[in-house]
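What the coordinates show
These are the residues of each chain, in order.
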Amino acid sequence: MAYQSLLQEYMLIPPVTRAYTTACVITTLAVQLDLVSPFQLYFNPTLILTRYQIWRFLTTFLFFGNLGFNFLFNMIFTYRYCRMLEEGSFRGRTADFVVMFIFGAVLMILCAFFINNLLFLGQAFTIMIVYVWSRRNVFIRMNFFGLMNFQAPYLPFVLLGFSVLLGNSISVDLVGMAIGHIYFFLEDVWPRQARGQKLLKTPQFLKMLFDPEPEREYEPLPELANVRPGGFNWRRQQEQNVNEGDAL
């Protein structure tokens, strides 16, 4: 009965989140059991181009380090925010969510060709997911381990600071944040401009594969139109101050 309950809960996880987090856990367990070595998984352009070890394009996103606090911390955030995105703004749009994964992975791979210490990109991928979620939920109040309160758009920066305290490379988090911002701009900001248009198109075969039923078109919240970095509607606040000044 317990096994069936766990299986039912597992199958309730959205498909993309379930597939990615499961792959990460299996990869980490394989390393822990000495079935594979981290040296076989990290991103190495030379081995990819000369020895055709193309699996490194994938495995670089799946290994977060040996079992420990750093692994658990990253997996919790990956699972939580990946699931909230898939069940939130990507609900009924699994194909578009897959496109976001592909878009982020391709840009990170391109960055890894030019930045030497980007060996494992799983953490950058997590930060990208968190960044996109935070910019689409700008008014949610967050609490980080009971130490500080802040609004959702500051979450990636809080994680960046915490990552530095853990001794991780800052470049990994910065790449994730930059690519998350590029995706957010192309998907949520640019199409709403006067001459803007949707640049990221989901291929029809992905829609047929993941979304056989008619999908609903994602529309950013109206209040996102004038939101600047940090999640505050400064324009509206300034107009309110002007009106209050006129009233006085």
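Definitions and cut-offs
Here the residue index of a chain counts from 1 through its sequence in written order. Residue-level local features of this predicted model are given only where pLDDT is at least 70; pairs of side-chain atoms are given and counted only at 80 or more, and the full residue set underlies all totals for whole chains, interfaces and linings. With hydrogens and water excluded, all non-hydrogen atoms of the structure serve as input to the side-chain values. UniProt positions are given in the numbering used here, feature names are shortened, and annotations may be inferred rather than shown by experiment. In this analysis an axis means a line fitted to C-alpha atoms, helices contributing only their contacting stretch, and an angle means the value between N-to-C directions, from 0 to 180 degrees. Only DSSP runs of H or I covering at least 4 residues are called helices, and only runs of E covering at least 2 are called strands; the numbering of each starts at the N terminus. Working definition: roughly parallel below 35 degrees, roughly antiparallel above 145 degrees, roughly perpendicular at 65 to 115 degrees, and oblique for all remaining angles. With the far helix as reference, a near helix turned anticlockwise by less than a right angle produces a left-handed crossing, and one turned clockwise produces a right-handed crossing. Any two residues whose heavy atoms approach within 4.5 Å are treated as being in contact. Under this grouping Gly is polar, as are all residues other than the nonpolar Ala, Val, Leu, Ile, Met, Phe, Trp, Tyr, Cys and Pro and the charged Asp, Glu, Lys and Arg. Any Lys or Arg side-chain nitrogen found within 4 Å of a carboxyl oxygen on Asp or Glu counts as a salt bridge. Each residue gets one of three labels from its accessible area relative to the maximum for its type: buried under 20%, exposed over 50%, partly exposed in between, using a 1.4 Å probe on protein chains only. Here, a strand pair is defined by DSSP locating no fewer than two bridges between the strands. Between 30 and 60 degrees the pair is tilted, below 30 it is stacked and above 60 it is edge-to-face, where a pair is any two Phe, Tyr or Trp rings, Trp via its six-membered ring, whose centres lie within 6.5 Å. Remark: a charge is flagged as sitting over a ring if the NZ atom of Lys or the CZ atom of Arg is within 6 Å of the ring centre and within 35 degrees of the ring normal. Both site types are read off a 1 Å grid over the protein atoms alone. A 1.4 Å probe that fits but cannot get out defines a cavity, while an open set with protein on both sides within 12 Å along at least five of seven lines defines a pocket; lining residues have an atom within 4 Å of a point. Grid points are joined across faces, edges and corners, and a volume is the space filled by probe spheres set on the points.

By the naming in an unreviewed UniProt entry, the chain goes by Derlin and is assigned to Pieris macdunnoughi. UniProt, in its Function (unreviewed entry) section for the chain, records the words "May be involved in the degradation of misfolded endoplasmic reticulum (ER) luminal proteins." The record held by UniProt for the chain lists under Subcellular location (unreviewed entry) the comment "Endoplasmic reticulum membrane".

Attention now moves to the packing of helix 6 (residues 94-112) against helix 9 (residues 170-189). At their nearest, the axes of helix 6 and helix 9 sit 10 Å apart, and the two run at 135° to each other. Looking at the two axes, helix 6 sits oblique to helix 9. In this structure, helix 6 crosses over helix 9, and the sense of that crossing is right-handed. Across the interface between the two elements, Asp 96, Met 100, Phe 103, Gly 104, Leu 107, Met 108 and Cys 111 of helix 6 pack against Val 175, Gly 176, Ile 179, Ile 182, Tyr 183 and Leu 186 of helix 9. When its residues are assigned to classes, the contact of helix 6 with helix 9 shows 10 nonpolar, two polar and one charged.

All right, on to the pattern of salt bridges then. A side chain of one charge can pair with a side chain of the opposite charge if their charged atoms are brought near each other. This model, assessed by the stated rule, comprises five salt bridges. As a salt-bridge pair, Asp 188 and Arg 136 come within 2.8 Å of each other at their nearest N and O atoms. Pair noted here: Asp 188 is in helix 9 and Arg 136 is in the loop between helix 7 (122-135) and strand 1 (141-144), with a separation of 52 residues, a long-range link. Given a relative accessible area of 3%, Asp 188 falls into the buried group.

On to the pairing of strand 1, then. Burial along strand 1 is one-sided: Met 142 and Phe 144 are buried, while Arg 141 and Asn 143, pointing the other way, are not. Alignment of strand 1 against strand 2 (residues 148-151), held across four bridges, turns out to be antiparallel. Within strand 2, the residue paired with Met 142 across the bridge is Phe 150. Here strand 1 hands over to strand 2 after three residues, with Phe 145 in that stretch at a positive phi of 55°.

Let us now look at unusual backbone geometry. For Asp 34, which is not glycine, the phi dihedral falls at a positive 65°. Structurally, Asp 34 is set in the loop between helix 2 (15-32) and helix 3 (45-50). Although it is not a glycine, Tyr 52 sits at a positive phi angle of roughly 55°. Relative to the helices and strands, Tyr 52 is located in the loop between helix 3 and helix 4 (56-59).

The relation between two aromatic rings is expressed through the spacing of the ring centres and the mutual angle of the planes. Overall, the coordinates contain 17 aromatic pairs when judged by the stated rule. A centroid spacing of 5.9 Å and a plane angle of 55° characterise the contact between Phe 103 and Tyr 183, whose relative ring orientation is tilted. Of this pair, Phe 103 sits in helix 6 while Tyr 183 is found in helix 9, placing the two residues 80 residues apart along the sequence. With relative accessibility at 16%, the residue Phe 103 sits in the buried group. Judged by relative accessible area, Tyr 183 falls into the buried class, the value being 2%. One aromatic cluster is present, formed by Tyr 20, Phe 61, Phe 90, Phe 97, Phe 101 and Phe 125 through successive ring pairs. Sitting above the plane of the Tyr 42 ring, Arg 56 keeps its charged end 5.0 Å from the centroid. Geometry around Tyr 81 places Arg 80 over its ring, the cationic atom sitting 5.5 Å from the centre.

For the rest of this paragraph, the subject is the layout of surface pockets. Taken as a whole, the largest pocket spans an internal volume of roughly 440 Å³. Taken together, 17 residues form the lining of the largest pocket, with Tyr 20, Leu 58, Val 98, Phe 101 and Ile 102 sitting closest to its centre. Those elements that provide at least two residues to the lining of the largest pocket are helix 2, helix 4 and helix 6. When residues in the lining of the largest pocket are grouped by element, the largest group, six residues, is from helix 6. Partitioning the lining of the largest pocket into residue classes produces 17 nonpolar, no polar and no charged. Empty space within the second largest pocket amounts to approximately 280 Å³. Forming the boundary of the second largest pocket are 14 residues, of which Asn 70, Phe 120, Gln 123, Asn 168 and Val 172 lie nearest the centre. Among the elements of the structure, helix 5 (69-87) and helix 7 are those that each provide at least two residues to the lining of the second largest pocket.

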